[in-house]
Amino acid sequence: MNNKGNRVGSRMLAVVVSLVMAFTVSACTIQDPNESKAGSTKNTNATVTISWGVQKPKKEADEGVYNKVISEYMKVNPKVQVKMAYTEYTDDAQWVTWLNSQLLGGAAPDVVWTWHVPAMENYRKGLVVDLKPYLEKQNPYDSKQRTWWDSYSTGLINQNMDNTNGTVPSAPLSTVAVKVFYNKNLFAKAGITSNPKTFGELLAASEKLKSAGVVPFIAPNKSPVDNVFNWQHRMFMDQMIAPIIPQLDLDKNGLVELNEIVAGTQKGIIDLEKSPWTDSAELIKTFSKYWYPGYNGIDTATATDLFIKQEGAMMMQTGNNLKTFIDNPDRKFDIGFFSFPYLTKQDSPNAVEKLYEMGGSPINNFSIPSAVKGEKLDAAVNFLQFLASEKGAALFAEGLWWTPATKDAVLPEALKGMYIEGNTSSLRLLAPQTNQKLYQDDTMVGQLFLEGKTTTKEFNTILNKDLKSSVEQLSKQNGWTEQNGWGLKK
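This section reports on the structure supplied with the text. Note that the structure is predicted; figures quoted are calculated from it, not measured.

Right, let's get into the pairing of strand 5 (residues 171-175). With five of its five residues buried, strand 5 lies for the most part within the structure. In terms of strand pairing, strand 5 meets strand 12 (residues 403-404) through two bridges, oriented antiparallel. Residue pairing for strand 12: Ser174 is matched across the bridge by Pro404.

Here it is as structure tokens:
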């Protein structure tokens, strides 16, 4: 078949994939401006219309936040009409599959939610726009007249840059801090007068709570999206592999990115069947003795309900959930939060004895498909700049309690203490954006491990197999080899 035939065949395949995905993922619903919730408006004089693609919120009030953001934008941009494009999906893997099919078929929303790592892969496939040229220019909505790049918190936007080509295929609207929320009343009942700082102190506090007839910790672990097992695994691992990071960070930017994960695995530096990579699992099992019974069948919504009903003293969640807790009319106790305690040498000889936290990564990232051209592209970039500005960040912080990626945004009073105190991960090996199978098996096989149905060795062997499979695929897909410095040699 000639080149023209190949191109036609590829396009037909993309269309077929898109049609198939329409049946496996709930269809993307474009909301008509006339049917919008209160707070949204229709620009009757608009000359260009763009769509904004996000997951459909579970709460109607959250839809109102999105509509308010659109309304505020269109007030200052009467020539642009923004329509919401809501998509419903059951898990993150399903979203990635849906987005890839939409991008291939040229049917994705004009500004669409993504993770920063898959966005890099999509740029390499020619599916999304490089935002770096726009980031280097002034954001027209920035009160300090800074470049869009300089308006971000230090180091955050660097995580969105692909170190193999210098592009920035997505821009973040927020970051996250994961904290341990606790019931102050139950802590007082157990005689706990200060928050635990070390893992040993956390276990001691849990023992006090247990002796007082209180379940110490509510840990939803029904599926990977509940995150708690994965978060703890990653935090413990970070504290034991910190001395290895310089060997893995080939471009010396402080982050171990996908190509460097490939390099580290192929060199044998990363090996999930050897210490210290294997040493986290037993620590999680030790702590799980203090978790609410039946944790492998409890999802986040159920865990939240149990926490509000004072069925347990602690729960680990992202900072934006503080709003959920505070606003809940059934809450009859004072709530506080602290960073998950760090490991000492008593817990693990490989511990660096420093606080490492989940969070600090760019989230609620958005890309613009490469199919968006001309005035639609100009409008999409302008809209994304508004979303990332102080004004946009303040709207999200006020309405959804997102922790802004943008500097100088105004935060709700209760959210002001919700920041990263310690170190954050330089290697997000088990994160969902790195490899979905590895991420999902971490929790699902982890369930079997906690139940005693599989051994520590078997658990780590399965994860290592997932990692090697992912590395082989990434190496072939991107042409990363030792000869070309895993993509870093120009």
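Let's shift gears to the packing of aromatic side chains. Inspection of every chain in the model, using the stated rule, returns 30 aromatic pairs. Centre to centre, the rings of Phe396 and Trp402 are 4.5 Å apart; their planes meet at 20°, and the pair counts as stacked. For the pair shown, Phe396 and Trp402 are each scored as buried. Three or more aromatic residues link up through ring pairs in this structure, and these residues are Trp52, Tyr66, Tyr73, Tyr86, Tyr141, Phe366, Phe383, Phe386, Phe396 and Trp402.

Within the largest apolar cluster, 64 residues are counted, with the highest numbers of intra-cluster contacts made by Trp277 and Met314. The leading source of residues in this core is helix 8 (residues 228-241), at eight residues. Discounting residues that sit within four places of it in the chain, Met314 has contacts with Val180, Phe181, Tyr182, Phe187, Leu202, Ser206, Leu209, Pro216, Phe217, Ile218, Phe307 and Phe338.

On to the sheet that holds strand 6 (residues 178-183). Judged by pairing direction, the sheet is mixed, and its four strands sit side by side in the order 7-8-6-9 without closing on themselves. A strand with exactly one partner marks an edge of an open sheet, and here the two such strands are strand 7 (217-218) and strand 9 (335-338). Alignment of strand 6 against strand 9, held across four bridges, turns out to be antiparallel. Each bridged residue has a counterpart across the sheet, and for Val180 the counterpart in strand 9 is Phe338. This element, helix 12 (residues 300-308), spans strand 6, strand 7, strand 8 (314-318) and strand 9 of the sheet and lies at about 130° to strand 8.

A word on the pattern of salt bridges. With the rule as written, the count across this model stands at 19 salt bridges. Glu472 serves as the salt-bridge partner of Lys476, at 3.3 Å between the closest nitrogen and oxygen. In this pair, Lys476 and Glu472 both sit in helix 17 (residues 456-478), four residues apart, roughly one turn of the helix. Residue classification places Lys476 among the exposed positions, given a relative accessible area of 64%.

Reading the values: rules and limits
- Residues numbered from 1 in each chain as written.
- Predicted model: local features only at pLDDT ≥ 70, side-chain atom pairs only at ≥ 80, totals over all residues.
- Heavy atoms only, no water.
- Buried < 20%, exposed > 50% of the residue type's maximum accessible area, 1.4 Å probe, protein only.
- Helix = DSSP H or I, 4+ residues; strand = E, 2+ residues; numbered from the N terminus.
- Pairing = 2+ DSSP bridges.
- Phe/Tyr/Trp six-rings, centres within 6.5 Å; stacked < 30°, edge-to-face > 60°.
- Core = buried A, V, L, I, M, F, W, Y, C linked by side-chain atoms within 4.5 Å.
- Contact = heavy atoms within 4.5 Å.
- Axes fitted to C-alpha atoms, helices over the stretch in contact; angles between N-to-C directions.
- Salt bridge = Lys/Arg side-chain N within 4 Å of Asp/Glu carboxyl O.

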